[in-house]
Amino acid sequence: MRFALCVLLVASVARATETQTLPTGTFSLDVSYLSSSLDKQWSGDRKAISLIDDSPRYEPGAGLQGILRARPRAELSIALLQILYGVTDWLTVGLYVPIVLQAKVTTNLSWQPGDYQSSVGRVYSFDDFWAWAASLGQPRVPDQWTGNQGKLSDLVLGGRVLLPRVGFMEKSHFRWAGTLSVALPTGTNFDPEAAVSVGTNLWELNATGDVETHLAADQPLFLDDDGVARVNLGADVFGSFFYPQRYVAGTGKVNPLLDNIAPYVGSTYTVNPGSWLGASFNLEVSPIIGPSRASIVSGGDAAKARALPALLTLSAGITHVRTAQTYWHSESPTWDWDHEKYWQPGDKTTVRVGVTVSFLRLGVPLQLYANYRTQSLVPGRYTRAADVFAVGARTVLKFW
Amino acid sequence: MKTPRPLTLMLAVSLGACAPATPPPTRELIDVKGSAYERGLSHGTQLRSKIHSFYTTLLTNALFPYLSREQPDIASFLPVYAGERFQNGQFAYQLLLDSAHAIEKSLPRAVHEELQGVADGSGLSYDEVLVLNTFVDTVMAVRGVALAIRLTRAPQVESIEFVGVDHDGVDNDGDGVVDQPGEGTFSPWVPALAGQLVEVPTTTTIRMVLTDADGVDPASLRVSLGDSLFTQGSDGLTITSLSATRLEVVLATPLDAASIDTLVISAGDLALRQQPPPVHESFMRTEELVFTTSGAGLAPRDVLRPALNDGRTRPPGFAVGVRRSATQGAAAFLATDFALLDANTSHKHTAIVRHQPDSGPAFATVGWAGMVIGLSGMNANGVAYACSPSDTLDNSVVGSVFAQVADLTTATLTAKGTPIGFAGRKVLETATDTASAVAVMKSLKHVYGWACTIEDAAGGLAAVETDSDIFNDGSGGVFPYAPEDRDATGHTYSSVGADDLITGSSFTKNVPDSPTLMIAGQRLVPQRSWSGFFFRSRRVMDAVARKLTAQYGSVTADSLQTLLSDPEVVDHSDSMNEVVFDLGRREIRAAMGTEPTSDSPFEITPVSP
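Residues numbered from 1 in each chain as written. Chains lettered and ligands numbered in written order. Predicted model: local features only at pLDDT ≥ 70, side-chain atom pairs only at ≥ 80, totals over all residues. Heavy atoms only, no water.

*Asks:* Now, about the overall build of chain B: what can you tell me, with residues and values included?
*Replies:* On a plain count of helices and strands, chain B comes out with 12 helices and 28 strands. Along the first, second and third principal axes, the C-alpha set of chain B runs to 95 × 70 × 60 Å. Partitioning the contacts of chain B with sequence separation of at least 6, the portion at a separation of at least 24 is 69%. Surface exposure of chain B reaches about 21,200 Å², of which carbon and sulfur atoms provide 53%. In chain B, the 44 positive side-chain charges and the 70 negative ones have mean positions that sit 8 Å from each other. (Helix = DSSP H or I, 4+ residues; strand = E, 2+ residues; numbered from the N terminus. Contact = heavy atoms within 4.5 Å. Areas by Shrake-Rupley, 256 points an atom, 1.4 Å probe, with all protein chains shown as cover. Lys, Arg positive; Asp, Glu negative; His and termini not counted. Charge placed at Lys NZ, Arg CZ, Asp CG, Glu CD.)

In structure tokens:
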């Protein structure tokens, strides 16, 4: 059993359903805090199972000592800084800076006793097993691990193009946009020698692809006289592609019973992540549009102020992602399969709700938002189910 | 409207990577031909990945650390093992390598070349391949020494007495004498291969005396009879301390009439030992005594051990050869369940290696990646063998200590002779029938104790038990017998009829395998007094005997497959392969690649491609 959680899911497709572009010369600064938790994966028959295989432990020639079970729960705190700039009214570029504030893994280890061990006159207890393991140089796996404080994940560069609209689109206020994002490999892999460890690159966070393309559309409905929609229907189709990841294999110098794989796996191995295809649907309702006033935000124009986003917007959405097979490539196909069997072609469904409070109409260049996204509600297949709560603040700036 | 180009690319990439991964085989079939080196090279090349994986996961990650736990005990007895070369985790590897080099001298040149071929093909070093192919016998021998030493610290059964049996008017021990003095009393306690008492009155009280220099812990005492467990405080069990070192245990419970019962006894001592962890008392081997009660009507020799369902016993390996009157159409089959050491890895590395040598018959071994040996196999002449370990202190490692006993400061535990897998290989390479195969076994000095069954397509059937004959008892360390052979009491050794032989993981003919004596402060005893396999082996052999009797005369390859997969005879933790050799058809039917092996289907492989 290896307790390193090489992958944590942050249940988000970060920029789905968005067709928003910034006005020319405008900056948007967005700071958010994400709290993600993950404690299960979906099996091939859509059952929730542990993130880590049971580990039967054997005493050579004396049968099964017992089964070491881990039901790990991983919690991840991330600060996400997004800086966007409107190059033109139809082209916005951005930089996304995810910083891991802390990763915490609670291993939740348990023990199922195995065969009677005649050498000690009993079946091994959990403590017996660890005493035995210690005599072989294997330290006890901690109940809890925290780390990665302040570590950078992969930086992401992105661009969004508001696509041209033909007559009927314009008439119905339909918008559509294409988005392309590309990650820079600034994150880290998990520690191959640690019994419990989490990496920070995008593949390990599993939130978004290294390269992503989105085609999103928004259809506002029930617009008032100022063009503010009471309802917005959004849709997004996207593809995500991950770079092959190269890992160093553990040599067992710290955990000889758990991590000595290099002699047969090879000193390094590669993970070729399966790509994603996904679609999102989003419903936004603005029950309170609120008052407005001419201000610096609207350039002193009262009409423009009335057209700014509603004071309160509630949203709900669903994202369905099909995932392709993820392959491990080492010198041992047997070891590869031990991983690949949980990363076969599958799917996952994210359900999300959110609320946004926008003060732009009031002359304050600030939007606050919170949302909750869960992959636990709808069982998936060969994917991991993360739940994420996020809060953030966004401001719009124009310096000239 | 055009789809944006990047999206098109992404869709293509995504869809192109949808093919699900497929599991690699956990059982391999490879064909090798040519010279010994060429066959080894082909083997090493074809199974390169699995050989590395098997070596690391079984030896480096499991067996070496496990053996290294014995270092302090062994070094206190043989100080060489406290030396520099054996430090820093090198104890097990160096110890096994020393033995491997000693064993290597007994192996023919062709074997060296084949091992070199495996090394060149796989990328392991020659020494690593040598260790991989010799460790089984060496580890069994070293483990035997360590276990025997450990058991001398544990409680011993001093005596077992069935009170009143010596005046019940019945010949309870089958010696032809009724109620002779001492009938029903076993002092000293020596286990027997079959039933030890028959027709015991149902009101009999059983009195046992246990002894240990550190005192016997009454709280650890377990006595079971049938499905009833008795511990300290149980009704019917009385525990009395006779002295600081002796404990009397009296079991007074009504017995069922006309039944076969197993009395099971275990206990630990009062000294808590820190090494090797976890902290533990020294526990005696679980002792068993099989008896019948009034009305059963069986002679001791005819008593078959009943199944034990206490969750503390696992069936070890066995083999059964059948022929002529036992089978449908007078076919010849050899079937084996091999069980020893899976460690959650062996089952992922199973392999049938089919050889087409430049000269001699084609043959196939049933084994594991990187091992040129197999513990069973068959050749194109229709000769097959199957072996299971049979613990003995009459082994070459003990012999090496004997040879150095005058100065233990330089003595080492070194195995010598031919490991059973290489003996089997020689059988496959040269034997034309069972008689010539037995002759091969007789021509070799053996590293350790094994119980093998050999059979040919014509129905030649023999069992061969081996030890290292370090006591020079004149046997040469080889004890063959056939279904028709009789022991001193006039009974067949291990047959239920005229045309079968059952061998287990214990000796049937080689009894006692070693004398009882003290040497260098350590007590040497026969297999039946120390081996953890002994009672389990006798039980699985009896289970096989019952199942074979039920189908005698109509045995087929299919029915043998069913027998081998019966839960009563399959070790759920350490089963390694189930094989039926169809000698007439020259076919190998093997179930392997899972743990337990009974979860695998039998697949048929002709011995020649």
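Back to the text.
*Asks:* An account of the side chain of A:Arg361 is requested, with residue identities and associated values reported.
*Replies:* All names here are of chain A. Within the secondary structure, Arg361 sits in the loop between strand E21 (346–358) and strand E22 (367–374). The charged side chain of Arg361 is buried without a salt bridge, its nearest counter-charge being Asp226 at 5.5 Å. Leaving out residues up to four positions away in the same chain, Arg361 has contacts with Val228, Ile289, Gly290, Pro291, Ser292, Arg293, Ala305, Arg306, Leu308, Pro309, Ala310 and Leu311. (Buried < 20%, exposed > 50% of the residue type's maximum accessible area, 1.4 Å probe, protein only. Salt bridge = Lys/Arg side-chain N within 4 Å of Asp/Glu carboxyl O.)

*Asks:* Residues and numbers for the interface of chain B and chain A, please.
*Replies:* Interface size is commonly expressed as the accessible area that is lost once the parts come together. Taken together, the 49 residues of chain B in the interface contact 48 residues of chain A. Roughly 4,100 Å² is buried in total at the junction of chain B and chain A, and carbon and sulfur atoms are behind 64% of that figure. Remark: the boundary between chain B and chain A carries two salt bridges. Its salt-bridge partner being B:Lys348, residue A:Asp338 comes within 3.9 Å of it at the nearest N-O pair. Element by element, the count of residues in the side of chain B that touches chain A is highest for helix H3 (residues 48–68) of chain B, at 12 residues. (Buried area = accessible area lost by both parts, 1.4 Å probe.)

*Asks:* Just give me the short version of the sheet that holds strand E3 (residues 185–186) of chain B, but keep the residues and values in it.
*Replies:* All names here are of chain B. The five strands lie next to each other as E3-E2-E5-E9-E8, forming an open sheet whose pairing is antiparallel. Two strands close off the open sheet at either side, each with one partner strand: E3 and strand E8 (237–241). Where strand E2 (residues 156–163) lies against strand E5 (residues 205–211), seven bridges are found, and the strand directions are antiparallel. Bridging across to E5, Gln156 finds its partner in Thr211. (Pairing = 2+ DSSP bridges.)

*Asks:* Which residues make up the confidence of the model for chain B, and what are the values?
*Replies:* In this model, chain B carries a mean pLDDT of 94, and residues with pLDDT of at least 70 account for 97%. Contacts of residues 1–17 of chain B to residues separated by more than four positions or lying in other chains number 22 contacts, the stretch itself having pLDDT below 50. (pLDDT = per-residue confidence, 0-100.)

*Asks:* Talk me through unusual backbone geometry; I want residue IDs and the actual numbers.
*Replies:* All names here are of chain B. Cis rather than trans, the peptide bond between Pro277 and Pro278 has omega equal to 0°. Along the polypeptide, Pro278 turns up in the loop between strand E11 (268–273) and strand E12 (280–283). The peptide bond linking Glu595 to Pro596 adopts the cis configuration, its omega dihedral lying at 0°. For Pro596, the location among the structural elements is in the loop between strand E27 (587–591) and strand E28 (603–606). Although it is not a glycine, Asn344 sits at a positive phi angle of roughly 60°. Here Asn344 lies in the loop between strand E15 (330–339) and strand E16 (350–357).

*Asks:* How would you sum up the domain arrangement of chain B? Please name residues and give values.
*Replies:* Parsing chain B into structural domains produces domain 1 (46–152) and domain 2 (156–266 + 285–302). The distance between the C-alpha centroids of domain 1 of chain B and domain 2 of chain B comes to 42 Å. (Domains from an automatic or database assignment.)

*Asks:* Describe the sheet that holds strand E21 (residues 461–466) of chain B, and please don't skip the residues or the numbers.
*Replies:* All names here are of chain B. As summarised here, the arrangement of the eight strands in space is E1-E16-E17-E18-E19-E20-E21-E22, forming an open sheet in which the pairing is mixed. Where the open sheet ends on each side, the last strands, each with one partner, are strand E1 (27–34) and strand E22 (478–481). Within this sheet the neighbouring strands show an average axis-to-axis angle of 20°, counted without direction. (Axes fitted to C-alpha atoms, helices over the stretch in contact; angles between N-to-C directions.)

*Asks:* Go over a nonpolar patch on the surface with me, naming the residues and quoting the values.
*Replies:* All names here are of chain A. Side chains of Tyr33, Ile99, Leu101, Leu152, Val353, Tyr372, Phe389 and Val391 sit close together on the surface and give an oily, nonpolar patch of about 620 Å² of accessible area. Going through the elements one at a time, strand E6 (91–106) and strand E23 (384–397) are the ones with two or more residues in the nonpolar patch. Of note, Val391 is situated in strand E23. (Patch = residues over 30% accessible without salt bridge, like charges linked within 9 Å, V, L, I, M, F, W, Y side chains within 5 Å.)

*Asks:* Any chance you could break down the pairing of strand E1 (residues 27–42) of chain A for me, citing the residues and the numbers?
*Replies:* Residues and elements named next belong to chain A. As paired strands, E1 and strand E5 (residues 73–88) are joined by 12 bridges and run antiparallel to one another. Each bridged residue has a counterpart across the sheet, and for Ser37 the counterpart in E5 is Glu75. Here two bridges tie E1 to strand E2 (residues 48–49), and the two strands are oriented antiparallel to one another. Considered in E2, the bridge of Trp42 is made with Ala48. The turn joining E1 and E2, which pair antiparallel and follow one another in sequence, is formed by five residues; a positive phi near 65° is taken by Arg46.

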